[in-house]
Amino acid sequence: MDYTNPAALPSTQLQLKRNRPPAEHSGQDPPLPKVSSDLVLQVFTHISLRRAGGSAEEYGDNERLIHLGRLVLDAAVTNILFNKRPILTTQEIISEREAALSDNLLNKWVVMYRLRQKLRCHPDFLPSLEDPKETHSIFCAYVGGVYAENGLETVQEWISHLLIGQDGPALGLRSSEQEHRQSIEPPPKKVKSEKPPPYLSTPIFFASQPPPSPPTDRQRHLPPHMHPSLSIQQPLQHVPPPMPLPNPLAPAQPNLPFLPLFNQTATQRRVAVEYPAEFSGPPHEGRWTVRCIVNGIQKGMGTGPSKQIAKEEAARQAYYAMGWT
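Everything quoted here is computed from the prediction, not taken from an experiment.

The rules we used
Residues numbered from 1 in each chain as written. Predicted model: local features only at pLDDT ≥ 70, side-chain atom pairs only at ≥ 80, totals over all residues. Heavy atoms only, no water. Helix = DSSP H or I, 4+ residues; strand = E, 2+ residues; numbered from the N terminus. Buried < 20%, exposed > 50% of the residue type's maximum accessible area, 1.4 Å probe, protein only. Contact = heavy atoms within 4.5 Å. Areas by Shrake-Rupley, 256 points an atom, 1.4 Å probe, with all protein chains shown as cover. Axes fitted to C-alpha atoms, helices over the stretch in contact; angles between N-to-C directions. Parallel < 35°, antiparallel > 145°, perpendicular 65-115°, else oblique. Left-handed = near helix turned anticlockwise from the far one by under 90°. Nonpolar A, V, L, I, M, F, W, Y, C, P; charged D, E, K, R; others polar. Salt bridge = Lys/Arg side-chain N within 4 Å of Asp/Glu carboxyl O. 1 Å grid on protein atoms, 1.4 Å probe; cavity = no way out; pocket = protein on both sides within 12 Å on 5 of 7 lines; lining within 4 Å. Points joined across faces, edges and corners; volume = space filled by probe spheres on them. Phe/Tyr/Trp six-rings, centres within 6.5 Å; stacked < 30°, edge-to-face > 60°. Lys NZ or Arg CZ within 6 Å of the ring centre and 35° of its normal. Polar contact = N/O pair within 3.5 Å; in protein donor to acceptor, adjacent residues only side chain to side chain. Core = buried A, V, L, I, M, F, W, Y, C linked by side-chain atoms within 4.5 Å. Expected span 1.5 Å × (residues − 1).

J.: Even after reading the chapter, I still don't get the overall build of the chain, so can you show me in this structure?
T.: Across its full length, the chain holds 14 helices and four strands. Counting only residues that meet the buried cut, the chain has 30% of its 325 residues in that class. Taking as baseline every contact in the chain between residues at least 6 positions apart, the subset at least 24 positions apart corresponds to 54%. In the form shown here, the chain has an accessible surface area of approximately 21,900 Å², with 56% of it arising from carbon and sulfur atoms.

Below you can see the structure in the form of structure tokens.
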């Protein structure tokens, strides 16, 4: 039968339609992750539309995404069950993974997101889309598209929310994961209240100061504020000035930015600073190399995925090299 000629197909197959009502989303259903328009065409293109002798690379159907999605879906569910608390045994992980990827559950997700209605296929294959194997392929194709577009973290979060919302083996994953995170998070640090140093409360006497004379009878009856010994000692009390604050950008705190301080110090000391930059590697995975030239001499060099990070590292090295600490 010629699939490229619609006139050669039986009329009953051309008139076949899926009158299944659309699934309603509940408030607990996680939203379907977005896939770009360039990739979503492959996700929803069935292999039946491929011409004889053609390949997935030429016509962009979902065969490769199905294979990718199966591996990613299996890994995502396994990781969710691996982190479940209380800890599951190996056999429990295997049995619960099979239950989580059952035909009924996958068909429920396909109907909920209306993935079957979005698939483009040859009319002869419309009845077969209800088969469990095709249902599994439809969902795995979209999982593969999400992974190729957004990575494993997005797939992991999406599948985790799907399993949490089911009345199946993964029920209670949310609370167990939160308890696990809380168990490994360190308690907040307590701030110690330090007592003032002794020199703030103890009077200071100089060696040249004569010792106070013993009080006379009259002095014993004077009010405390008129006592002569107090009038002598009180002005001699000395409170040392507060210690100067350390430079917030000094090497004692290497995680803070050095670039603003280095440029400011260079301006004050009237030195010329240049930052020649070079980019190497592919556009999406390249690295920047920035050198810090002070008065024509290289004092630092930094590399990083962005120009700003590399420039900061070059300024940090130059700051140490110039001895501006």
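From this point, the narrative continues.
J.: Any chance you could explain the packing of helix 6 (residues 103–112) against helix 8 (residues 132–150) here in plain terms?
T.: Angle between the axes and distance between the axes: these two values describe a pair of packed helices. Look at helix 6 against helix 8: their axes get within 9 Å of each other, and the N-to-C directions meet at 55°. Taken together, the axes of helix 6 and helix 8 are oblique relative to one another. Where helix 6 crosses over helix 8, the handedness of that crossing is left-handed. Contacts between helix 6 and helix 8 involve Asp103, Leu106, Asn107, Trp109 and Val110 from the former and Pro132, Thr135, His136, Ile138 and Phe139 from the latter. Each residue belonging to the contact of helix 6 with helix 8 can be placed in one class, and the counts come to six nonpolar, three polar and one charged.

J.: How should the pattern of salt bridges be read in this particular structure?
T.: Side chains that differ in sign of charge can pair as their charged atoms come close. Applying the stated criterion across every chain yields a total of seven salt bridges. Here arginine 50 makes a salt bridge to aspartate 61, at a shortest N to O gap of 2.7 Å. Residue arginine 50 is located in the loop between helix 2 (37–43) and helix 3 (56–59), and its partner aspartate 61 is located in the loop between helix 3 and helix 4 (63–82); the two are separated by eleven residues in the primary sequence. Judged by its relative accessible area of 3%, aspartate 61 is buried. Of the charged contacts in the structure, one is a salt bridge between glutamate 130 and arginine 116, with a shortest N-O distance of 3.9 Å. Of this pair, glutamate 130 sits in the loop between helix 7 (115–118) and helix 8 while arginine 116 sits in helix 7; the two residues are 14 residues apart in sequence, bridging distant segments of the chain.

J.: In this structure, what is going on with the layout of surface pockets? I would like to understand it.
T.: If a probe the size of a water molecule is rolled over the atoms, the empty space left behind becomes visible. Estimated volume of the second largest pocket: approximately 170 Å³. Of all the elements in the fold, those that place two or more residues in the lining of the second largest pocket are helix 4 and helix 8. The dominant element in the lining of the second largest pocket, judged by the number of residues it contributes, is helix 8, at four residues.

J.: Hey, could you run me through the packing of aromatic side chains in this one?
T.: Each aromatic ring pair is summarised here by two numbers: the centre-to-centre distance and the angle between the ring planes. Summed over all chains, the structure comprises seven aromatic pairs. Judged by centre distance (6.1 Å) and plane angle (70°), the rings of tyrosine 142 and tryptophan 158 are edge-to-face. With a gap of 16 residues between them, tyrosine 142 in helix 8 and tryptophan 158 in helix 9 (residues 152–164) connect regions that are remote in the sequence. Grouping residues by exposure puts tyrosine 142 and tryptophan 158 together as buried. Above the ring of tyrosine 275, the side-chain terminus of lysine 311 is found at 4.7 Å from the ring centroid.

J.: It is not clear to me how the side chain of arginine 116 should be interpreted in this structure. Could you clarify?
T.: Of the residues examined, arginine 116 reaches a relative accessible area of 3% and is grouped as buried. Separated by 2.9 Å, the side chain of arginine 116 and the backbone oxygen of leucine 129 make a polar contact.

J.: For this particular structure, what's the right way to read the nonpolar core?
T.: Leu73, Leu115, Phe139, Tyr142, Trp158 and Ile159 are the most contacted members of the largest nonpolar core, which has 40 residues in total. Of all elements in the fold, only helix 2, helix 4, helix 5 (90–100), helix 6, helix 8 and helix 9 reach the threshold of two or more residues within this core. When residues of this core are assigned to their parent elements, the largest contribution, eight residues, is made by helix 4. Setting aside residues up to four positions removed in sequence, leucine 115 forms contacts with Leu32, Phe44, Val110, Ile138, Phe139 and Tyr142.

J.: Teacher, can you tell me more about the environment of threonine 154 here?
T.: With respect to the element layout, threonine 154 can be found in helix 9. Given the relative accessible area of 27%, threonine 154 is considered partly exposed. The spacing of threonine 154 and valine 143 is eleven residues in sequence and 9.9 Å in space, taken between C-alpha atoms. Once residues within four sequence positions are removed from consideration, threonine 154 is found in contact with Pro33 and Val146.

J.: How should I be thinking about helix 6 in this particular structure?
T.: An α-helical turn contains 3.6 residues, so any two residues separated by three or four positions project in the same direction. Leu105, Leu106, Trp109, Val110, Val111 and Met112 are the residues of helix 6 that are buried. Contacts from the buried residues of helix 6 go to helix 4, helix 5, helix 7, helix 8 and helix 9. Just downstream of helix 6, arginine 114 is the residue with a positive phi angle, here 55°.

J.: Honestly, helix 8 in this entry has me stumped. Any pointers?
T.: Helix length check: helix 8, at 19 residues, gives a terminal C-alpha distance of 27 Å against a target of 27 Å (1.5 Å per residue), a fit within 8%. The set of residues buried in helix 8 consists of Glu134, Thr135, Ser137, Ile138, Phe139, Cys140, Ala141, Tyr142, Val143, Gly144, Gly145 and Val146. In this fold, the buried residues of helix 8 make contact with helix 2, helix 4, helix 6, helix 7 and helix 9.

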